[in-house]
Amino acid sequence: MTVEFNEIDAQNVEVLVNGDTYGKLNFDSDENAWVLWPVAIDDAVSYFESLEETEKAIKDEIIAFDEEN
């Protein structure tokens, strides 16, 4: 399984899993955090102010979920 992050611009990042779009990360300046909008659900998950920390957390969660299933 590969999890990749494609930076579109300073506040938008595409999240790819095995080459397919998993969701979009957008920086919410009001919350001062990165927010993930997965394609599969109509809800968002807030993470951290740091893009690096956010990407690591998302990657770890996706890999852990894949290993459980």
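Undergrad: Please provide a residue-by-residue account of the environment of Gln11, values included.
TA: Tracing the backbone shows Gln11 in the loop between strand 1 (3–9) and strand 2 (12–17). Residues Gln11 and Phe27, 16 residues apart in the sequence, show an inter-C-alpha distance of 5.0 Å. Those residues within four positions of Gln11 in sequence are excluded, and the remaining contacts are Leu25, Asn26, Phe27 and Trp34.

Undergrad: Summarise the packing of aromatic side chains; cite the residues concerned and give the values.
TA: Throughout the structure, instances matching the rule amount to two aromatic pairs. The interplanar angle of 65° and the centroid separation of 5.3 Å between the aromatic rings of Phe27 and Trp34 together place this pair among those described as edge-to-face.

What counts, and at which threshold
Within any chain, residue numbers begin from 1 and follow the written order of that chain's sequence. pLDDT decides what is reported in this predicted model: residues at 70 or higher carry local features, side-chain atom pairs at 80 or more are listed and counted, and totals for whole chains, interfaces and linings draw on all residues regardless. With hydrogens and water excluded, all non-hydrogen atoms of the structure serve as input to the side-chain values. Where helices and strands are cited, they refer to DSSP runs of H or I of at least four residues and of E of at least two residues respectively, numbered from the N terminus. Whether two residues are in contact is decided by their heavy atoms: any pair within 4.5 Å suffices. Note on aromatic pairs: the rings of Phe, Tyr and Trp (six-membered ring only in Trp) are paired at centre separations within 6.5 Å, and the planes decide the class, stacked below 30 degrees, edge-to-face beyond 60, tilted for the rest.

The values reported here are purely geometric and, on their own, carry no functional implication.
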